[in-house]
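Listed below, chain by chain, are the residues.
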Amino acid sequence: MDPMSLKEISPDAVILWKWGFVHVNLTMVFTWAIMALLVLACWIVTRDLSTGTAVSRWQNLLEILVSAMRDHIRDVTRSEPGPYLSFIGTLFLFIAVSNFLAVVPGYVPPTGSLSTTAALAICVFVAVPLYGIMDQGVSGYLRHYIRPTVFMLPFHVIGELSRTLALAVRLFGNIMSGTKIVAILLAVTPFIFPIVIQALGLLTGMIQAYIFSILAMVYIASATRARGDGGTKRTKETARTAERTGKNNPHGPSSTGSGLAHQGMEGREGQERRRSWTASL
Amino acid sequence: MDSITLIGMASVITSGITIAIGSVGPALGEGRAIAQALSAIAQQPDESGTITRTLFVGLAMIESTAIYCFVISMILIFANPFWDHVIAK
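Rules and cut-offs
- Residue indices begin from 1 for each chain and proceed along its sequence in written order.
- Chain labels run from A onward and ligand labels from 1 onward, assigned in the order the entries are written.
- Per-residue local features are limited, in this predicted model, to residues with pLDDT of at least 70; the limit for side-chain atom pairs, both in listing and counting, is 80 or more; totals at the level of whole chains, interfaces and linings are taken over all residues.
- Remark: residues whose backbone-derived C-beta atoms lie within 7 Å of one another are considered to be in contact.
- Note on conventions: DSSP H or I runs of at least 4 residues are helices, E runs of at least 2 residues are strands, and numbering of each starts at the N terminus.
- Here the nonpolar group is Ala, Val, Leu, Ile, Met, Phe, Trp, Tyr, Cys and Pro; Asp, Glu, Lys and Arg are the charged ones; every other residue, Gly included, is treated as polar.
- Burial is judged by counting other C-beta atoms within 10 Å of a residue's own C-beta: 20 or more means buried, 12 or fewer means exposed, and anything between counts as partly exposed, with every C-beta placed from the backbone.
- We treat two strands as partners when DSSP finds at least two bridges between them.
- Nonpolar core, as used here: buried Ala, Val, Leu, Ile, Met, Phe, Trp, Tyr and Cys residues forming one set through C-beta atoms within 7 Å.

With that settled, the discussion passes to the interface of chain A and chain B. Listed per partner, the contact involves 16 residues of chain A and 15 residues of chain B. Within the residue set of the side of chain A that touches chain B, elements represented by two or more residues are α5 (153–188), α6 (193–223) and α8 (253–280) of chain A. Residue contributions to the side of chain A that touches chain B peak at seven residues, all from α5 of chain A. Class assignment of the residues belonging to the side of chain A that touches chain B gives a composition of seven nonpolar, five polar and four charged.

Structure (structure tokens):
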């Protein structure tokens, strides 16, 4: 909280450099720092990827992240995660890193500024019709606005606008309240309570990054709905994965068999899970 | 009372009332949601992954109403446009 006083609720107000109408504030500096950090990390991770059994620890991290994202996207959309992975994954990684670095002294999360979160929410707002049109064509996408009747059109439009606003304000409010409560507690009881609240803020930041990307995925999935072949695709993919793990498995054929059985079980369980998840929405 | 006193008083009192009332509803809602999710997990431990994920998403959506109230009370205290207007005059 050092660069920001208690009076300011957004790092936008801290202007570091000014030339004419060009302002450089704290939000922009930290946003660019996070982007540079992410690009550097990506370069380091993907420098020497291997397909063998011996993988570096960076590649392990990459595989865990990417496969977890693919699983979550597949659970929500009930289709192949390929076209959505880059957008949703970028959103998640940016927000997660931006919130996670809040433990670094002197750092102010750029997600605690309404302009950053509004920009991210507008990205989602634009991405929803883009993915919808890519999936169903212009007329197919526009037709879902007048479904079930044409009188639902204003409610669909209001819903799209209000959920974009909610997406932006939710992330902003959570992160801003975290930093602000730490600052207030530092003024009131500066001994141990700010650390507890900061740890809670780390948890909140991770959950908010997860929520933001999952909600973006749910909104995109609702625009690309109405496809019935998700289940068969999933089973095929599961079988392929099982085959691959069986091939890569260095232990004997017995463990391969159990691996296959386990994978099959996982597949059925995943389908059930997907069904209940979409029903709960 | 001049307008500075009035605006300051109204801002502070309103921000307190905003966060007080605005936190009661989401607290009740989150309590209900967690109670239901716990009983659902107790009945179906196999589905705990799905239930937990849906619970987190739902909790964040419930909590966002409290967060809106918090944002408004923060704006009333720290970035009040009426206060700035009166001070500048």
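Quick look at the environment of Arg70 of chain A now. All names here are of chain A. The topology assignment puts Arg70 in helix α2 (residues 57–77). Residue Arg70 is classed as partly exposed on the basis of its 18 C-beta neighbours within 10 Å. Each C-alpha atom, one on Arg70 and one on Ile88, is 9.8 Å from the other, the two residues being 18 residues apart in sequence. In contact with Arg70, not counting residues within four places along its chain, are Pro81 and Leu85.

The side chains of a regular strand alternate, residue by residue, between the two faces of the sheet. All names here are of chain A. Where strand β1 (residues 15–19) meets strand β2 (residues 22–25), four bridges bridge the pair, whose relative direction is antiparallel. Bridging across to β2, Ile15 finds its partner in Asn25. Adjacent in sequence and paired antiparallel, β1 and β2 are bridged by two residues, among which Gly20 carries a positive phi angle near 65 degrees.

Here the focus is the nonpolar core. Membership of the largest hydrophobic core comes to 35 residues, with the highest contact counts inside it found for Val124, Leu167, Phe212, Leu215, Ala216, Met217 and Ile220 of chain A. Elements with a minimum of two residues in this core: α1 (26–45), α2, α3 (82–100), α4 (114–143), α5 and α6 of chain A. Element by element, the count of residues in this core is highest for α6 of chain A, at ten residues. Beyond its immediate chain neighbours, meaning those up to four positions away, Ala216 of chain A contacts Ile88, Leu91 and Val124 of chain A. Counting five residues, the second-largest nonpolar core is a separate cluster that includes Ala66, Ile67, Phe70 and Val71 of chain B.

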